[in-house]
Amino acid sequence: MSNAIAKEVAKRRTFAIISHPDAGKTTITERLLLMGQAINVAGTVKARKSDRHATSDWMAMEKQRGISVSTSVMQFPYRECMINLLDTPGHEDFSEDTYRTLTAVDSALMVLDGGKGVEPRTIALMEVCRLRDTPIVSFVNKLDRDIRDPIELLDEIEAVLNIKAAPITWPIGCYRDFKGVYHLQGDYIIVYQPGHGHERTEQQRIQGLDSAEARDYLGDDYDNFVEELELVQGACHSFEPEAFLKGEMTPVFFGTALGNFGVDQVLDAVVDWAPAPLPRPANERQVEATEAPFTGFIFKIQANMDPKHRDRIAFMRICSGHYEKGMKLHQVRTGKDVRIADALTFFAAEREHLEEAWAGDIIGLHNHGTIQIGDTFTEGEKLGFTGIPHFAPELFRRVRLKDPLKSKQLRQGLQELAEEGATQVFFPERNNDIILGAVGVLQFDVVASRLKEEYKVECLYEPINVWSARWIESDDKKKLEEFRNKAVENLAVDGGGHLTYLAPTRVNLSLTEERWPDIRFRATREHH
Ligand code: G4P
């Protein structure tokens, strides 16, 4: 049995794409599915994007969320591997979900727009990857357009993202002069053939930069390219698998997702270099993926097609062992055992009922309000997986009820929505206000709409003078008590019962931090 587990685990690659909006995540996702024969013609995933720009129109959002339940995890075979690709929500606003999705992967693919380089969202997502030293493969996209100087792009990756960049391929021209890429180690050119963006094509290679064929193919550009390469080989890092696995170095590929060029090399890199399911830290011990007993944790909860039925899907990353249909799982937080007969798998773009799954895979459980983000499931062992963070919200609103008699429903609704991760809720110590915190402004619309639909509570939002929130911790009980008394004006308890400091301004926060050196002000908090 454990041999079978080891074999299946070794085959798994579970990763997500990190990028700034418009860098090409959707396009590359499609090309990856095409590569994995999960779809036959590119253009299928794209359809759902039309909803994306309907920003704060909740119904459109809900529709999109419904559809994307099935596309937020995509499993497909590639070469000898089984790939699990986790989609991160397309909407710029839904960043908390994106962050938590990154806790469920073993590696990430960073997609950069070659014309733009490193953009703000990429920086933010890289910071999250860094929390777990997630190995990153990089893809510089849109070579069929004018891009920035590739050497400058690598410098920018190194300087801004603080990671060594090792080019695996090097682009030969760009835009109309884009001829393909040169594989530095393999000493071959992969020829770019435009017009094959929507189908699987065979790579056409020219072996040896020194060959007559290569000289012929590059023509007048040949000498310049050879000169550029000398510079690149002198100045750039060569790839070290160890450094990659530690998250200290990223292999860099060039191509065009739209032209379906270079995407296969990226997927090969994931298969060849990215780690199989890694051991996971839990509070009690480290759990190896190849252990026979089943373990997993919930990293995301998503409303299903019909929000009125409150049927939600809880996404679980399997951390060890093997899932079989009908098996009994122990939910550690509640101490309850549940038989899981109808878990979902996400093979290709369809939802299918699942017979079995292995460490590294993602399964979907129907959730009727009993499952929370961060929950650990086992075959009986008391374990709590760590590293599923809450992020300090950046936007705050005070909630006001339209009908004051509904305050019980409001609290219950907010508590549940907070547990699900749709928003964060804070109860100030000094009054009866309820404050909502979000990372993206759209979250407020979603919460208001869901409160109305699912809890029959109508609410209004008012602006409030809070700049940021920090979770409070201290080893010094006396100092903590003193702080609680002195800072009561700005203290609140969050939905999980954790003490939080609501800072009215950035200056206030830094002064308070200076004044209270024995108190830790944390910008992230783990689920418990
Ligand atoms: P995202 O999910 O990261 O937001 O990006 P998406 O794939 O939707 O790509 C954003 C835009 O960039 C799209 O154009 C897409 O066609 C284009 N794009 C992606 N990869 C390439 C590439 O390799 N070369 C070129 N030239 N363009 C690329 P759009 O006009 O916004 O959308 P659409 O009208 O084409 O659907």
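Small disclaimer: the values here were computed from a predicted structure and weren't measured.

1. Section: the overall build of the protein
- What the protein contains, in helices and strands, is 14 helices and 33 strands.
- A sequence separation of at least 24 residues applies to 72% of the contacts in the protein between residues at least 6 apart.

2. Some thoughts on the pattern of salt bridges
- Inspection of the entire model under this criterion finds 30 salt bridges.
- Lys25 is the salt-bridge partner of Asp87, the closest N and O atoms lying 3.0 Å from each other. Here Asp87, found in the loop between β3 (81-86) and α4 (95-101), pairs with Lys25, found in helix α2 (residues 25-35); they are 62 residues apart in sequence, far enough to count as distant. The same class applies to Asp87 and to Lys25, which are both buried.
- The partner of Glu152 in a salt bridge is Arg148, and the shortest N-O contact between them spans 3.2 Å.
- By sharing partners, the salt bridges in this structure join Glu8, Lys11, Arg12 and Asp361 into a single network.

3. Some points on the sheet that holds strand β2 (residues 73-78)
- As summarised here, the arrangement of the 7 strands in space is β2-β3-β1-β4-β5-β11-β6, forming an open sheet in which the pairing is mixed. With one partner strand each, in any of the chains shown, β2 and β6 (164-167) form the two edges of the open sheet. Between one strand and the next, the sheet's axes are offset by a mean angle of 30°, whatever the strand orientation.
- In terms of strand pairing, β2 meets β3 through 6 bridges, oriented antiparallel. Across the sheet, the residue bridging to Tyr78 is Cys81, located in β3.
- Contacts between α2 and the sheet are confined to β1 (12-19), β2, β3, β4 (107-113) and β5 (136-141), with β1 contributing the most and set at about 155° to the helix.
- Relative to the sheet, helix α5 (residues 120-131) contacts β1, β4 and β5, its axis offset from that of β1 by approximately 145°.

4. Details of the sheet that holds strand β31 (residues 499-503)
- In spatial order, the strands read β28-β25-β27-β26-β30-β31-β29-β32; together these 8 strands make up an open sheet with antiparallel pairing. Every interior strand has two partners, whereas the edge strands, β28 (459-463) and β32 (520-522), have only one. Averaged over neighbouring strand pairs, the angle between their axes works out to 40° when direction is ignored.
- Sheet topology note: the strand β30 (residues 491-494)/β31 ladder contains 3 bridges and is antiparallel. Across the sheet, residue Ala492 finds its bridge partner in β31, namely Thr500.

5. Side note on the nonpolar core
- By size, the foremost hydrophobic cluster in this structure holds 86 residues, and its most contacted members are Ile157, Trp170, Tyr323 and Leu365.
- Taken domain by domain, this core gets at least three of its residues from each of domain 1 (15-44 + 60-70 + 98-275) and domain 2 (281-378).
- Each residue touching Trp170, except ones within four places of it in the same chain, is listed here: Pro150, Ile151, Leu154, Gly180, Val181, Tyr182, Leu184, Phe225, Glu228, Leu229, Val232 and Phe254.
- Core analysis: the second largest hydrophobic core is formed by 32 residues, Phe76, Ile168, Met249 and Val271 among them.

6. Quick notes on the domain arrangement of the protein
- The domains assigned to the protein are domain 1 (15-44 + 60-70 + 98-275), domain 2 (281-378) and domain 3 (392-526).
- Relative to domain 3, the C-alpha centre of domain 2 lies at a distance of 29 Å.

7. Some remarks on the packing of aromatic side chains
- Scanning all chains against the criterion turns up 17 aromatic pairs.
- Look at Phe239 and Trp273: their rings are 4.2 Å apart centre to centre, the planes differ by 35°, and that puts the pair in the tilted class. Here Trp273 lies in helix α10 (residues 263-273) and Phe239 lies in the loop between α8 (222-235) and α9 (241-245), a separation of 34 residues in the sequence.
- Residue class for Trp273 comes out partly exposed when judged on its relative accessible area of 26%.
- Through successive ring pairs, a cluster of aromatic residues spans Phe239, Phe244, Phe253 and Trp273.
- Over the ring of Tyr188 we find Arg205, and its NZ or CZ is 4.0 Å from the ring centre.
- Just above the ring of Phe315 sits the side chain of Lys300; from NZ or CZ to the centre is 5.7 Å.

8. A closer look at the environment of Arg205
- Mapping Arg205 onto the fold places it in strand β10 (residues 205-207).
- Setting aside its immediate chain neighbours within four residues, Arg205 contacts Tyr188 and Ile189.
- Here Gln203 takes part through its side chain, which lies 3.0 Å from a polar atom of the side chain of Arg205.

9. Quick look at the packing of α2 against α10
- Here α2 crosses α10 at 70°, and the two axes come no closer than 10 Å. Relative to α10, the element α2 is oriented roughly perpendicular. Residues Ile28, Arg31, Leu32 and Met35 of α2 touch α10, and the partners they reach there are Val263, Asp264 and Leu267.
- Residue composition of the contact of α2 with α10, by class: 5 nonpolar, no polar and 2 charged.

10. Overview of helix α11 (residues 407-420)
- Helix length check: α11 (14 residues) gives 20 Å between terminal C-alpha atoms against 20 Å at 1.5 Å per residue, within 8%.
- Taken residue by residue, α11 has Leu410, Gly413, Leu414, Leu417, Ala418 and Glu420 as its buried positions. Across the axial projection of α11, the buried residues extend over an arc of 155°, all falling on one side.
- Downstream of α11 by a residue or two, Gly421 has a phi angle that is positive, lying close to 95°.

11. Notes on the packing of α11 against helix α12 (residues 442-455)
- Here α11 crosses α12 at 120°, and the two axes come no closer than 10 Å. In this view, α11 runs oblique relative to α12, as classed from their interaxial angle. Crossing angle aside, the handedness with which α11 passes α12 is right-handed. In this structure, α11 uses Gln409, Leu410, Gly413, Leu414, Glu416, Leu417 and Glu420 to contact α12, whose residues at the interface are Val447, Arg450, Leu451 and Tyr455.

12. Digging into α5
- Counted at 1.5 Å a residue, the expected span for α5 with its 12 residues is 16 Å, and the 18 Å between its end C-alpha atoms agrees.
- Buried residues of α5: Arg121, Thr122, Leu125, Met126, Val128 and Cys129, and no others. Buried residues in α5, looked at end-on, bunch into an arc of 160°, giving them a common side. Along α5, exposed side chains directed more than 90 degrees from the buried face belong to Pro120, Glu127 and Leu131.
- Following α5 by one or two positions, Asp133 adopts a phi angle in the positive range, close to 50°.

13. Notes on the pairing of β3
- Summarising burial for β3: 6 of the 6 residues are buried, a large majority.
- Burial of β3 is two-sided: the residues Cys81, Ile83 and Leu85 facing one way and the residues Met82, Asn84 and Leu86 facing the other way are all buried.
- Pairing of β1 with β3 involves 5 bridges; the strand directions are parallel. Residue pairing for β3: Arg13 is matched across the bridge by Ile83.
- Hairpin geometry of β2 and β3 is characterised by an intervening segment of 2 residues between the two adjacent antiparallel strands and by a positive phi of about 50° at Arg79.

Rules of the game
Residues numbered from 1 in each chain as written. Predicted model: local features only at pLDDT ≥ 70, side-chain atom pairs only at ≥ 80, totals over all residues. Heavy atoms only, no water. Helix = DSSP H or I, 4+ residues; strand = E, 2+ residues; numbered from the N terminus. Contact = heavy atoms within 4.5 Å. Salt bridge = Lys/Arg side-chain N within 4 Å of Asp/Glu carboxyl O. Buried < 20%, exposed > 50% of the residue type's maximum accessible area, 1.4 Å probe, protein only. Pairing = 2+ DSSP bridges. Axes fitted to C-alpha atoms, helices over the stretch in contact; angles between N-to-C directions. Core = buried A, V, L, I, M, F, W, Y, C linked by side-chain atoms within 4.5 Å. Domains from an automatic or database assignment. Phe/Tyr/Trp six-rings, centres within 6.5 Å; stacked < 30°, edge-to-face > 60°. Lys NZ or Arg CZ within 6 Å of the ring centre and 35° of its normal. Polar contact = N/O pair within 3.5 Å; in protein donor to acceptor, adjacent residues only side chain to side chain. Parallel < 35°, antiparallel > 145°, perpendicular 65-115°, else oblique. Nonpolar A, V, L, I, M, F, W, Y, C, P; charged D, E, K, R; others polar. Expected span 1.5 Å × (residues − 1). Arc of directions from axis to C-beta. Left-handed = near helix turned anticlockwise from the far one by under 90°.

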